[in-house]
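Chain and residue survey
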Amino acid sequence: MAERNLDFDKVHNRRGTDSLKYDFAAERGLPKDVLPLWVADMDFQTSSYIQDAIVAQAEHGIYGYTETKRDYYEAVIGWMKRHHDWDITGYKIIKTPGVVPAIGAALDAFTEKGDAVLIQQPVYYCFNEVIELSGRRVVSNDLVLGYSDSFPRYYIDFEDFEKKIVEEKIKLFLLCNPHNPGGRIWDKEELKKIAEICKKHNVVVFSDEIHQDIVYSRYKHNVFADISKEAAEITVTATSPGKTFNISGLQIGNIIIKNRELAKRFKDSVNGIMGYSQANAPGIAACRAAYTKGDEWYEAMKKYIEANLEYLIDFLKREIPKVSLIIPQATYLVFLDLRELGLSAEERKELIIKKAGLWLDSGDIFGPLGEGFERINIACPRSTLTEALTRLRDAINE
C-alpha cells in the first residue's frame, strides 16, 4: 500500500477537534478567530501508515496495558542509524510521555531541590518552567547573537559557560540541539567543547533532540552523545517522533542513554516521581509505524517545509523589509526579528494580535534576549503561510 498523505497544500479544518493550537484562543485571552502559528505542531495529516496502524489497533477494541517487544526497539535503532548514522545498539531506550516529562525525571534523578540548572537563553520556554516548578534554580549561559557569512546565528560564550558551571555548582545542563527557537545546528567542535567542560566538572547533559529530524538541505544534525566517548558517558538524549511526524498528542518519547548508572537513575525517576511504566498503546503503534514505514512522508514533508522557508525569506525581503529573521538550519520554527519596527512589547502585541490577527509565540517567553522577536511556525499549507504574512504586512503598513 502506498503513502496516501502527501498533499501538503491541502487545508484541514482543525477547529472543533480540541486542538490546543486552534480551539483555545479565547481561553487564553485572544480573539476567537485569530490565525494560530504558535505551538510546535504541523497542520499536515501524518503518514497514512501511522493512521492505518492506529485504526487497526482501534478496531481491535481492547486498550489494556501495552508493552513493547524487540520490534519496537529495532524500529527506533533503525531510524537513528538510517537518518543520523548513530548506532545505539546496546544503549538503554526508556519510554516517556514525551521530552518535557523526561526533563522533569532528569531533574529528579540528577539534582536536588535548590540546585541550579544550566540552560542557554533564549531557549524553549518549558526548560525554564519545569526547572522552577521543580524547586530548582534557573541559571543561563546566554547565547550570543553574531553573524556568519552575513547571516545572524546564535553562538556559545564558552568562558561564561564554564564559569557558570563552577560558580553555581551545576550538576545538570539542558542542551537544546537543534536549538529552539534559533534553529541552530551546533557544530561538532562546539559540541566537543561542551562535552569536555561538562565531563571535567561532572555535569550530566540532557540533550533535547526532539527536532533532530527537521534539518534543511546542506546541513546535518550532530547527535551530541555521538560526538565522543566522553559525551556518550554523560548524556541523556531525548528523542521523539512527535515533531517529525506530527503526533505529539500521542505522547511518546524515547530517551536514549549509554551510561548504565545514568540510565538506572533516570529510569527510577520515571517509575517513581512520574509513576510511569507502560507507554500508551496508540503512541507505541504510531512510533513503530513512523520509524519503519514513514520515510516517504518524512522526506516529502521536509521538502515542503524548506520551500515554505524560502517563500518566507523572499516575502520578507520584498514586502516587509523591516522584519528580518534568523534563518534556521533546522526545525520548522522561525525567529522573526521585529526590533527595527521600534515598538514596545505592548505595541508589538497590539500589532501581532489585534491588527494582524495572528497568534505567534512572543520572543520574551524564551528569555529576556528574545525581546523584540516573534516565533512563527511554518509547518502549514502555503496558503496559510501566505495569509499570515499578508496580514502581518498590512498591519505594519497601517
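Just above sits the structure.
Since the structure is predicted, the reported quantities are computational estimates derived from the model, not experimental observations.

Focus: the pairing of strand E9 (residues 235-239)
Burial analysis of E9 places five of its five residues in the buried class, the great majority of the element. Residues Thr235, Thr237 and Thr239 point to one face of E9 and Val236 and Ala238 to the other, with burial holding for every one of them. As paired strands, strand E8 (residues 204-208) and E9 are joined by four bridges and run parallel to one another. Paired with Phe206 across the bridge in E9 is Val236. Crossover E8 to E9 through helix H7 (residues 229-234) is right-handed. The pairing of E9 with strand E10 (residues 253-257) spans four bridges and is antiparallel. Following the sheet pairing, Thr237 is matched in E10 by Ile256.

Some points on the packing of aromatic side chains
Within a pair of aromatic rings, the relevant descriptors are the distance that separates the centres and the angle that separates the planes. Under the defined criterion, the tally for this structure stands at 20 aromatic pairs. Plain terms: the ring middles of Trp38 and Trp359 are 4.3 Å apart, the flat faces sit at 15 degrees to each other, and that makes the pair stacked. Within this pair, whereas Trp38 is found in the loop between strand E1 (35-36) and helix H1 (48-60), its partner Trp359 is found in strand E13 (residues 358-359), the two being separated by 321 residues in sequence. Here the aromatic cluster, defined as three or more aromatic residues joined through ring pairs, consists of Phe8, Phe44, Trp79, Phe245, Tyr291, Trp297, Tyr298 and Tyr304.

Notes on the environment of Asp23
Counting through the fold element by element, Asp23 comes out in the segment before E1. Filtering out sequence-adjacent residues up to four positions away, Asp23 remains in contact with Arg14, Arg15, Gly16, Thr17 and Asp18. Polar contacts involving the side chain of Asp23 include one to the main-chain amide nitrogen of Gly16, which spans 2.8 Å. Within polar-contact distance, the side chain of Asp23 engages the backbone nitrogen of Thr17 at 2.9 Å.

A look at the sheet that holds strand E14 (residues 361-362)
What the four strands build is an open sheet, ordered E11-E12-E15-E14; its pairing is antiparallel. Sheet topology places strand E11 (324-326) and E14 at the edges, where each strand pairs with a single neighbour.

Things to note about the layout of surface pockets
In this structure, the second largest pocket spans a volume of roughly 370 Å³. Lining the second largest pocket are 17 residues, with Arg153, Arg218, Tyr219, Ile327 and Pro328 positioned closest to its centre. Within the residue set of the lining of the second largest pocket, elements represented by two or more residues are strand E6 (151-155) and helix H11 (295-319). If you tally residues by element for the lining of the second largest pocket, the top one is H11, at four residues. For the lining of the second largest pocket, the residue count by class is eight nonpolar, three polar and six charged.

Definitions and limits used
- Within every chain, residues take consecutive numbers counted from 1 along the sequence as written.
- Per-residue local features are limited, in this predicted model, to residues with pLDDT of at least 70; the limit for side-chain atom pairs, both in listing and counting, is 80 or more; totals at the level of whole chains, interfaces and linings are taken over all residues.
- Heavy atoms from the whole structure form the basis of all side-chain values; hydrogens and water molecules are not counted.
- In this scheme, a residue with accessible area under 20% of its type's maximum is buried, one over 50% is exposed, and one in between is partly exposed, where area comes from a 1.4 Å probe on protein chains only.
- A helix here means a DSSP run of H or I that spans at least four residues, while a strand means a run of E at least two residues long, and both kinds are numbered starting from the N terminus.
- Strand pairing is assigned whenever DSSP detects at least two bridges linking the two strands.
- For crossovers, right-handed means that the path from the first strand over the helix to the second runs clockwise, given strands pointing away from the viewer.
- Working definition: a ring pair exists when centres of Phe, Tyr or Trp rings (six-membered ring for Trp) sit within 6.5 Å. Plane angles under 30 degrees give stacked, over 60 give edge-to-face, the rest tilted.
- A contact between two residues is defined here by any heavy atoms of the two lying within 4.5 Å.
- A 3.5 Å cut-off defines polar contacts: any pair of N or O atoms within that distance qualifies, except that in protein one atom must be a possible hydrogen donor and the other a possible acceptor, and neighbouring residues in sequence count only when both atoms are side-chain atoms.
- Of the grid points, spaced at 1 Å and generated over the protein atoms alone, those admitting a 1.4 Å probe that cannot get out make up cavities, while open sets with protein on both sides within 12 Å along at least five of seven lines make up pockets; any residue with an atom within 4 Å of a point is treated as lining.
- Grid points are joined across faces, edges and corners, and a volume is the space filled by probe spheres set on the points.
- Three residue categories are used. Nonpolar comprises Ala, Val, Leu, Ile, Met, Phe, Trp, Tyr, Cys and Pro, charged comprises Asp, Glu, Lys and Arg, and polar comprises the others, including Gly.

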